[in-house]
Structures are given as C-alpha cells and as structure tokens.
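Below, each chain spelled out in residue letters.
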Amino acid sequence: MPGATGASVADEAAAPLREAWYYAVPGRLVKRARTRSLVMLGQPVLIGRGGDGAVFALRDICPHRGMPLSEGAFDGVELECCYHGWRFRVDGQCTAIPSLVEGQRFDLGRVGVPSYRAREVQGNIWVYFGDDPDAAPEIPVLDGFAESAAPQLAEEMRFETTIDHAVVGLMDPAHGPFVHDAWWWRRRRSAHEKSKAFAPSPWGFTMCRHTPSANSRAYRLLGGAPETEIAFRLPSVRIEAIRTGRYRVTNLTALTPVDAETTIVHHCIYWDAPWLSALKPALRPYVRAFLRQDRDIMRRQRQGLRFAPVLSLVDDADAQARWYFRLKQEYRRARAEGREFSNPVEPRVLRWRS
C-alpha cells in the first residue's frame, strides 16, 4: 500500500480474514421464530431461525434510526423494529413503514438491512462475511458423524486477546505442562521429548495419526488403544479426531473474533461412545477448567503484548505458529490476485518437549 506506515501494514496483516466462514452459535440455542444477537468481526449480527426452520443472519441495526433489530419482535417471517415498527424480511428487505400515509411515495425496495450468508452444519451455525464463499475454506464436516449430528457437549469462552494470539495459543504444543498442569491432564514433571509427523492438508496442516502421549491422562477415559489426528485449517479451526476401536470422539474448536482485542473460543465435542454420554455432567467442568486455564494465561500475556514486543519464535515447537502466519498471508495474496490458494506447508517431523 503506497505511503502506508509500518504500523498500518502490521495492523492489516493481523486483521482477521473476512473471506471465511466463522462459527456463530450452536444451532440448539436458536429456536424457530427466535433470534440471537452477537458481535462478530466487529459487527453486530442477528442470527435467527425462521418459522420454516431455516437460519439467517443480518446486521443487527435498523437502517432508520439505528435501533438494534434484536430489541424488536420476530414472528418467524418478518422482523419488526421496536422503535417505529419498520418491518423486514429475513433477507433484509424492508416490507413496511407504518408512518407512511396514503399518497406518499416511497420505494421500500430502496431500504434494507445488510445480510450475511448463514449455514447450519452438524448442529452449528456459521456466518460468512465476505463476497465469494465458493473460493473460501469450506465449513468443516466431521468424518464419521451424520449430517444431522450435533455436538453432545458445547462450551464457549471469551478470551481477551487478538485472533492471531488466540490461534497460536490453540496450536502451541509446549505450554501444556505449565498452563494445564493438573492431575486430570498432565503434570509438569511428566514432560518429555515428543516427535510428531505433520503434512499439508486442505487450507492448513495436519498432525498425522498417532498414539496420544502417555502423560495425557484424559485419553484414558476412552479405554483401549486410542489414536488421534489433529488438523488446523483457515481461518481458525482445530479438529482433533480420536479413534479407539470402533468408537470416535471428535473435538471441534473454532475461534471467532469479536473485535480487534477479543476472541470467542467455541469448543464442541462429538462422540459415539455410549458411556461418554453418562459421563457428560462430569466432563463439562473439566472442559471449562481447561478453557479457563488458556483464557487466564492469555489475559496475563496481554500485559506484555500491549508494549508491542518483538517475539522470538523457535523451531520446532513454534513451527505451527509460523505455518499459520504463512497460510494466512498466502490466502490473502491468492484472493487479491484472483488465483488458487497454494498451501505453503511442507511435510515435516517436529520435535519438542512437553
């Protein structure tokens, strides 16, 4: 960008990718003829489900006087602003302005609320903020689970950090013994050298299938000899697929930027192992405790990051962080140049201690 300062270029590079699908909310939380208000990528978003069951997403602002549409009513077909009664279809088109009187000419077709593409996939609602979803990373579909499947357990937590630092923290393999030091996960004294094979995969990279580390106690709940495969894909999705015998457990973690300094972490767990359903009330507190540990360490990290320090990433433990920034840069360039995305990740074996 001609004349841009170093700071503005850095800000642009750190901004979230807009040509991408972002996780909004579990589908079960949006009932028929109901709406839910969120902030995503700095925008107020109204998620709704029509009387026909289809989901939609609109900018949560009435174009008349700026009233949030979420403050009004929804009958399953039209939204009504609580301020002056303007009505809108779920595609955003205005259908009525009660203050107009007979003989006044006003083209309702000129008035509308910006809409976003919304889809419900395997029990989760996703929103697309860009212009061309056909050339963007697809919404993830979890292998081994039906299209109608929904997560058996879904949690979210607000992190006071940027999307980049949240993503890097999500895939960081070396913080476990320090941040997640607990009897039910692993202890710091159990840290040892590990070696994992990685390969490029659609829109990201994958830690190839392997036996989980012996110091990761949670896997013991599954019994047998579990194997796991962990994939990251743009813009900010991590999928861990665990198999033990004929049973599957899959963790979907999707990060959604709220604004420049806040990120929501959505964690969904799917399983077909019947005994895990009986354990769900006991599992939920541990899932939340794990998320809180990451949230709290990033809150403490923010005290240092506000001084914009130069960060030192090292191989091999920080290789995934480097890949993330390269993937993000390549995606932006490919979209700007109108060409296909070329994955910059190459197969590699990484070693670290944790």
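None of the values given here were measured: they were computed from a predicted structure.

Participant: How should I be thinking about the sheet that holds strand S14 (residues 227-233) in this particular structure?
Facilitator: Sheets are built from strands that pair by backbone hydrogen bonding, the pairs being arranged parallel or antiparallel. On the basis of which strands lie adjacent, the open sheet formed by eight strands has the order S11-S17-S16-S15-S14-S13-S12-S18 and antiparallel pairing. Looking along the sheet, the strands with just one partner apiece sit at the ends: strand S11 (153-159) and strand S18 (348-353). Across this sheet, the average inter-strand angle for adjacent strands is 20 degrees, counted without regard to direction. Sitting on the sheet, helix H2 (residues 163-171) is in contact with strand S13 (204-210), S14, strand S15 (237-244), strand S16 (247-259) and strand S17 (262-271), with an inclination near 160 degrees to S16.

Participant: Sorry if this is basic, but what is going on with the packing of aromatic side chains here?
Facilitator: Scanning all chains against the criterion turns up 16 aromatic pairs. Ring centres of tyrosine 23 and tryptophan 126 lie 5.4 Å apart, and the angle between their planes is 70 degrees; this geometry places the pair in the edge-to-face category. Residue tyrosine 23 is located in strand S1 (residues 21-26), and its partner tryptophan 126 is located in strand S10 (residues 124-128); the two are separated by 103 residues in the primary sequence. With a relative accessible area of 2%, tryptophan 126 lands in the buried category. Ring geometry for tryptophan 203 versus tyrosine 331: centroids 5.9 Å apart, planes at 85 degrees, classification edge-to-face. Remark: tyrosine 331 occurs in helix H5 (residues 319-337) and tryptophan 203 occurs in the loop between strand S12 (193-201) and S13; sequence separation between them is 128 residues.

Participant: I'm lost on empty space enclosed by the protein in this one. Help?
Facilitator: In this approach the atoms are scanned with a rolling probe the size of a water molecule, which exposes any empty space left behind. Using the criterion set out here, one finds three cavities of 30 Å³ or more in the structure. Considered as a void within the structure, the largest cavity measures approximately 40 Å³ in volume. Looking at the largest cavity, the residues that line it are Trp21, Trp126, Pro137, Glu138, Ile139, Pro140, Arg233, Leu234, Pro235 and Val237. Among the residues forming the lining of the largest cavity, the class breakdown is eight nonpolar, no polar and two charged.

Participant: I tried to follow the nonpolar core on my own but got confused; where do I start?
Facilitator: Note on soluble globular proteins: their nonpolar side chains tend to be buried together. Within the largest apolar cluster, 73 residues are counted, with the highest numbers of intra-cluster contacts made by Ile47 and Trp126. Here this core takes six residues from H5, the largest share from any one element. Core analysis: the next-biggest nonpolar cluster, separate from the first, contains 14 residues, Leu46, Phe74, Phe88 and Ile97 among them.

Participant: Please clarify how H5 should be interpreted in this entry.
Facilitator: Look at H5: 27 Å from first C-alpha to last across 19 residues, which is about the 27 Å you get at 1.5 Å a residue. Regarding H5, the residues found buried are Ala319, Gln320, Ala321, Trp323, Tyr324, Leu327, Lys328, Glu330, Tyr331 and Ala334. Downstream of H5 by one or two residues, glycine 338 has phi in the positive range, about 65 degrees.

Participant: Would you explain unusual backbone geometry in this entry?
Facilitator: As a rule of thumb, non-glycine residues mostly have phi less than zero, and peptide bonds are mostly trans rather than cis. Residue proline 235 is reached from leucine 234 by a cis peptide bond, and omega for that bond is 5 degrees. Inspection of the secondary structure assignment puts proline 235 in the loop between S14 and S15. With an omega of 5 degrees, the peptide bond running from aspartate 315 to aspartate 316 counts as cis. Here aspartate 316 lies in the loop between helix H4 (274-305) and H5. The phi angle at tryptophan 203 is positive, at roughly 65 degrees, despite the residue not being glycine.

Participant: I would appreciate a short explanation of the confidence of the model for the protein in the present structure.
Facilitator: Should the pLDDT be low somewhere, the predicted coordinates at that spot are not to be read in detail. Overall, the prediction assigns the protein a mean pLDDT of 91, with 91% of residues at 70 or greater. Taken as a whole, residues 1-10 scores under 50 in pLDDT and shows two contacts with residues more than four places along the chain or in a different chain.

What counts, and at which threshold
- Residues numbered from 1 in each chain as written.
- Predicted model: local features only at pLDDT ≥ 70, side-chain atom pairs only at ≥ 80, totals over all residues.
- Heavy atoms only, no water.
- Pairing = 2+ DSSP bridges.
- Helix = DSSP H or I, 4+ residues; strand = E, 2+ residues; numbered from the N terminus.
- Axes fitted to C-alpha atoms, helices over the stretch in contact; angles between N-to-C directions.
- Contact = heavy atoms within 4.5 Å.
- Phe/Tyr/Trp six-rings, centres within 6.5 Å; stacked < 30°, edge-to-face > 60°.
- Buried < 20%, exposed > 50% of the residue type's maximum accessible area, 1.4 Å probe, protein only.
- 1 Å grid on protein atoms, 1.4 Å probe; cavity = no way out; pocket = protein on both sides within 12 Å on 5 of 7 lines; lining within 4 Å.
- Points joined across faces, edges and corners; volume = space filled by probe spheres on them.
- Nonpolar A, V, L, I, M, F, W, Y, C, P; charged D, E, K, R; others polar.
- Core = buried A, V, L, I, M, F, W, Y, C linked by side-chain atoms within 4.5 Å.
- Expected span 1.5 Å × (residues − 1).
- pLDDT = per-residue confidence, 0-100.

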